[in-house]
Amino acid sequence: QVQLQESGPGLVKPSQTLSLTCTVSGGSITTNYYYWSWIRQPPGKGLEWIGYIAYSGSTYYSPSLKSRTPISRDTSKNQFTLQLSSVTPENTAVYYCGRGGSWVPPPHDYWGQGTQVTVSS
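Residues numbered from 1 in each chain as written. Predicted model: local features only at pLDDT ≥ 70, side-chain atom pairs only at ≥ 80, totals over all residues. Heavy atoms only, no water.

(A) Geometry of the environment of Asn91. Assignment of secondary structure puts Asn91 in the loop between strand 8 (79-84) and strand 9 (93-100). On the basis of relative accessibility, which here comes to 2%, the residue Asn91 falls in the buried class. For the pair Asn91 and Arg40, spaced 51 residues apart in sequence, the C-alpha separation works out to 9.1 Å. (Helix = DSSP H or I, 4+ residues; strand = E, 2+ residues; numbered from the N terminus. Buried < 20%, exposed > 50% of the residue type's maximum accessible area, 1.4 Å probe, protein only.)

(B) Structural detail: the packing of aromatic side chains. Tallied over the full model, the rule gives nine aromatic pairs. One aromatic cluster is present, formed by Tyr33, Tyr35, Trp49, Tyr52, Tyr55 and Tyr60 through successive ring pairs. One residue, Arg99, lies across the ring of Tyr34, its end atom 3.8 Å from the ring centre. (Phe/Tyr/Trp six-rings, centres within 6.5 Å; stacked < 30°, edge-to-face > 60°. Lys NZ or Arg CZ within 6 Å of the ring centre and 35° of its normal.)

(C) Representation of the nonpolar core in the model. Judged by nonpolar contacts, the single largest core of 24 residues is most densely connected at Leu4, Leu18, Val24, Trp38, Phe80 and Tyr95. Secondary structure elements with two or more residues in this core: strand 3 (18-25), strand 4 (35-41), strand 5 (48-54), strand 8, strand 9 and strand 11 (115-119). In terms of residue count, the dominant contributor to this core is strand 3 (four residues). Each residue touching Tyr95, except ones within four places of it in the same chain, is listed here: Glu6, Leu18, Leu20, Ile39, Arg40, Ile50, Leu82, Leu84, Gly114, Thr115 and Val117. Within the second largest apolar cluster, six residues are counted, among which are Tyr35, Ile39, Trp49 and Tyr96. (Core = buried A, V, L, I, M, F, W, Y, C linked by side-chain atoms within 4.5 Å. Contact = heavy atoms within 4.5 Å.)

(D) Highlighting the sheet that holds strand 8. The strand order across the open sheet formed by four strands is 1-3-8-7, and the pairing between neighbours is antiparallel. Sheet topology places strand 1 (3-7) and strand 7 (71-74) at the edges, where each strand pairs with a single neighbour. Pairs of neighbouring strands in the sheet enclose a mean axial angle of 20°, with direction left out of account. Taken together, the six bridges between strand 3 and strand 8 define a ladder with antiparallel strand orientation. Its bridge partner lying in strand 8, Cys22 is registered against Phe80. (Pairing = 2+ DSSP bridges. Axes fitted to C-alpha atoms, helices over the stretch in contact; angles between N-to-C directions.)

Here it is in structure tokens:
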């Protein structure tokens, strides 16, 4: 069974960089043909797809977020990360990682439990 677990700070100050890690077990992030996404849900709003890193290492982002939310991976640890620079309070959300297919945005068959991130001074 594939499992995903988000980790990172729950509180980040404005203008700082938010870094989240998704640790995957039960499957390799390099296995054909899966795509590994970051998704978030701000308070009172719906899910927002941020972007993904593919099994090949290529990335694709939501056009509104790509310049601020780079995604990378560490294949030796079977992890992928989200790094969001210059955060503001509007970045407050529950952040999820998930596994999906090649659609943009992709549907997801496995999800992490989510982690709350609050941006506040």
